[in-house]
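Descriptive analysis of the structure
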Amino acid sequence: VYDKDADKSVTGFSSIKNYILENYYPDKVENLTGVPKDKILETGRAFEKAKAPAAYFDESILYNSNGTQNALSIIFLNALKGFTGYGKVKDSFHSSVITNVKSSARNATFNTFKNSIASKNSIKILMISGSNFIFNNSDQETLKKQVNSIPFIVSFSSFIDETSTYAHLIIPDHNDLEKLDFNFNETIGTSVVTVQQPIVDPFFKTTDTGDIIISLMKDLKTNSEFTYASVAEYIKSIAKKLYDNRNGALMSQNKFTEIEKGLRKIGWQADQYGSFDEFWDSLLEFGGWWDPFGGRDPYSPKINFKDKLPYPITRNDIMDKTTSQKKLYLNIFRKTLDYKGSMSLYPVLVEQFGHNRSVFYKLWAEINPETARRHFLSDRSHINIKTSKGKFHAVVIYNPSVTPGSLDVPFGLGHDVLGDKSGINPLMFSENIFDSVSGKPSFTETPAEIESYT
Amino acid sequence: MALYGMVIDLNKCNHCESCITACKVENNVQIVTKENADMGRVMQWMRLATTSYEGNYPDVRPVTMPALCLQCDDPPCTKVCPVRATYRRDEDGIVAQIYPQCIGCRYCMTNCPYNVKVFDWFKEEQPIEYKKCYNIDVSVRPKGVVEKCTFCIHRLQKAKVNAAAEHRKLNEDEFIPACAQVCPAHAITFGDFDDSSSTVSKVKNDFRRFTLQEELGTQPKVFYLSAKSK
């Protein structure tokens, strides 16, 4: 069931429709995913009947050899309903602030970088900020060799991590609790700006990476339109634009009454601040700003699937994995607050990386109780997980929400550069399987076996 | 007289664990070594507990809740303390701990049906970053004593002193524990149950209200709200 205008926004619509109907009918998808077909049909119908449905995905689905295809399939699902759940923000605030981003930078993926370092001498200087790509990859040895051949590496990491150890110069950035930053989001059709504000003064002599770049621009005398003296000044200038626009509201302001909404629509203001300084203080206090009253244009992106159908790489050993009685697969997951995989480096958070008061500082494997019983494993027992790259120790934790046949292990432990290794980085034992488009490592496709722990 | 209590809306809680971090930092709760963690000695005054799982695969939801001292109005822990190091304060209902008085017998831990008290086994060297975070309003406990959530009682003392200096009554929003203050989902409401006009008293009357092991008659002052799980 799809929108009658779906073929207008999607080039190659009929071929992809036929492809899905032929290859991914409910019975087969039930086999592949373990989700009952009735549930799939029920969800599909609910999506179809909804007035303005929107399907979202998060980063986790990208860590797969079909990662980009996974994302495309969600986008295609939205296209079936003409993206009615989305909207394009009128007079986009984001585009008025962020300008001149080169298209080459926009389209760059980790693959672009990997290809660059693979061809020797193509990178003269590497500046690393907000990334620990050696730790975050399965093929770590190759990356280490390639990075080692780069003549000059500057790292802005707040910590000594697996990647920054290869740097010739480390200029540590403030950590997230010490730093002022703005984040923009317009994907839900509404402008949202969230403020990350420093809650403590920097503990050490660290510098905001943005300030380093600004001073570098000054030293190099680049002819840039960016004339701000510091990141803080730049961020305040964005806040000034928000204030001058007089649109939207602070995040935690009370809900507006219908009368207030009506007054706003005809140009009245019902703000709780009288000056920019007051607005700035309130913005920091409430943590963000959004524009629930902003107008939205219909969103109908043109998608071209012609000649590049989202054709998944079908691996026979992965097919039907959920119904298999014997085969097990590693499924590396990230904790909610730890997409960067660095949580266990923070002293205050290190114990929060544990599992429900019984397993700390070591790796655990969440297993569906039925799968565990099939392998004679009791809750909290110790096992070795063996892959083609070796074996590692983990504590079994029963979790009925885990896919049968899956060994769910957390990502983020096993940082060993400071000499105190807690837990294991499961990516070191994960097969070198990557998404061919993005270059991201697969977190889900490594066959594994269980051995007794001695 | 006041009767401080808390209501945690589990339908709003997104399990971000901000409350747990805030509690740890606010109260100088020590970080233990790997060896001690292996022996179950991790110290958290507040933790995220997975109590059960609802439904059948694949429609399974873990039922999790922030677990802390429930500040019982009829606390079983105080009754067994041989030296009265833990007691219920008459003026505000908070179950307090007197650390210098505690002899470390751990009877109170045994008698707590909610498993929310922790024991200071060792004094361990803390990371330098953590030491710099120490809250000077909270004493660092010696080894060999039992610790638990105090509803950030030091904040109450401070607020009371400020109010007294200004010859006025304590306002509702002047005293709030660190966990409730940082909750980004506003899932934790804190206040005086004795004041019927307070926000917490109103929230407490929600039909989704339940508390833990009500049948024991401990009369907890921490309530949970959940449309599904009880």
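Below or above, wherever it landed, is the structure these notes cover. Since the model is a prediction, treat every value here as computed from it, not as a measurement.

Take the overall build of chain A next. When helices and strands are counted, chain A shows 14 helices and 17 strands. Classification of the 454 residues of chain A by burial places 42% in the buried group. Entry remark: accessible area of chain A is about 24,300 Å², with carbon and sulfur atoms responsible for 53%.

Pairing between the strands of a sheet comes from backbone hydrogen bonds, and it takes one of two forms, parallel or antiparallel. Spatial ordering of the open sheet is given by β8-β1-β10-β9 (chain B), a layout of 4 strands whose pairing is mixed. Whereas interior strands pair on both sides, the edge strands pair on one side only; in this sheet they are β8 (188-192) and β9 (209-210) of chain B.

Moving on to the pattern of salt bridges. Opposite charge on two side chains makes pairing possible when the charged atoms of those side chains draw close. Residues and elements named next belong to chain B. Applying the stated criterion to the full structure yields 29 salt bridges over all chains. For the salt bridge of R168 with E166, the shortest nitrogen-to-oxygen distance reads 2.7 Å. In this structure R168 comes out as partly exposed when scored by relative accessible area, which is 32%. It is possible to trace a salt-bridge network through shared partners that takes in D73, R88, D90 and K221.

All right, on to the side chain of B:Q30 then. The residue B:Q30 is located in the loop between α1 (18-26) and α2 (34-38) in this model. Relative accessible area serves as the criterion here: at 6%, B:Q30 is assigned to the buried category. A distance of 3.1 Å separates the side chain of B:Q30 from the backbone nitrogen of B:E124, its partner in a polar contact. When residues no more than four places from it in sequence are discounted, the contact partners of B:Q30 are A:E351, B:K24, B:M43, B:D120, B:F122, B:K123, B:E124, B:Q126 and B:Y130.

Another point: the interface of chain A and chain B. Between chain A and chain B, the residue contacts involve 32 residues of the former and 35 residues of the latter. Together chain A and chain B conceal approximately 2,800 Å² of surface at their shared face, both sides included; 56% is due to carbon and sulfur atoms. Counting the contacts that link chain A with chain B gives 4 salt bridges. The residue B:E17 makes a salt bridge to A:K335 at a minimum N-O spacing of 3.7 Å. There are 9 residue pairs in polar contact (both at pLDDT 80 or more) connecting chain A and chain B.

So, about empty space enclosed by the protein. All names here are of chain B. Enumeration according to the criterion identifies 6 cavities of 30 Å³ or more in this entry. In this structure, the largest cavity spans a volume of roughly 100 Å³. Considering the residues around the largest cavity, the lining is formed by 14 residues, among which C13, C16, C19, C183 and I188 are closest to the centre. Tallied by class, the residues present in the lining of the largest cavity amount to 10 nonpolar, 3 polar and 1 charged.

Turning to α1(B), a few remarks are in order. One full turn of an α-helix is made of 3.6 residues, so residues set three or four places apart face in the same direction. Residues and elements named next belong to chain B. With respect to burial, α1 is a largely interior element, 7 of its 9 residues being buried. The set of residues buried in α1 consists of C19, I20, T21, A22, C23, K24 and E26. Turning to α1, the residues buried within the fold contact β2 (47-54), β3 (61-67), α5 (128-132), α6 (153-165), α7 (178-182) and β8. Looking one or two residues past α1, N28 carries a phi angle of roughly 50°, positive in sign.

Moving on to the packing of aromatic side chains. By convention here, two paired aromatic rings are described through the distance between centres and the angle between planes. Under the criterion given, the structure shown has 29 aromatic pairs over all chains. Between A:Y243 and A:F276 the ring centres are 5.8 Å apart and the planes differ by 65°, which places this aromatic pair in the edge-to-face class. Of this pair, A:Y243 sits in helix α11 (residues 231-245) while A:F276 sits in helix α13 (residues 276-286), placing them 33 residues apart in sequence. The class of A:F276 is buried, set by a relative accessible area of 15%. The residue whose ring lies beneath B:R106 is B:F119, and the NZ or CZ to ring-centre distance is 4.8 Å.

Scoring rules and cut-offs
- Positions within a chain are numbered from 1, following the residues in the order the chain's sequence is written.
- The naming scheme follows written order: chains are lettered A onward, ligands numbered 1 onward.
- At least 70 in pLDDT is required for a residue's local features to be given in this predicted model, at least 80 for side-chain atom pairs to be given and counted, and no such filter applies to totals for whole chains, interfaces and linings, which use all residues.
- Only hydrogens and water are set aside; all other atoms, that is, all heavy atoms of the structure, feed into the side-chain values.
- Put simply, DSSP marks the helices as runs of H or I at least four residues long and the strands as runs of E at least two long, and each gets a number from the N terminus on.
- Per-residue accessibility, obtained with a 1.4 Å probe over protein chains only, is compared with the maximum for each type, and a residue is labelled buried under 20%, exposed over 50%, and partly exposed between these values.
- Only the protein chains shown count as cover for residues, with accessible areas throughout obtained via the Shrake-Rupley method and a probe of 1.4 Å.
- Here the rule is simple: two strands pair whenever DSSP picks up at least two bridges between them.
- Throughout this description, the term salt bridge denotes a Lys or Arg side-chain nitrogen within 4 Å of a carboxyl oxygen of Asp or Glu.
- Polar contact is defined as a pair of N or O atoms within 3.5 Å, subject to the rule that within protein one atom must be able to donate a hydrogen and the other to accept it, and that residues adjacent in sequence are counted only when both atoms are side-chain atoms.
- By definition in these notes, contact holds between two residues if any of their heavy atoms fall within 4.5 Å.
- Buried surface area refers to the total accessible area, computed with a probe of radius 1.4 Å, that the two partners give up upon joining, counted for both partners together.
- We place a 1 Å grid over just the protein atoms. Points where a 1.4 Å probe fits but has no way out form a cavity, open points with protein on both sides within 12 Å along at least 5 of 7 lines form a pocket, and any residue with an atom within 4 Å of a point lines it.
- Grid points are joined across faces, edges and corners, and a volume is the space filled by probe spheres set on the points.
- Each residue gets one of three labels, nonpolar for Ala, Val, Leu, Ile, Met, Phe, Trp, Tyr, Cys and Pro, charged for Asp, Glu, Lys and Arg, and polar for the others, Gly among them.
- Only the six-membered ring of Trp is used, alongside the rings of Phe and Tyr, when aromatic pairs are assigned; centres must lie within 6.5 Å, and planes under 30 degrees apart are stacked while those over 60 apart are edge-to-face, with the rest tilted.
- Lysine NZ or arginine CZ positioned within 6 Å of the ring centre and within 35 degrees of the ring normal marks a charge as sitting over the ring.

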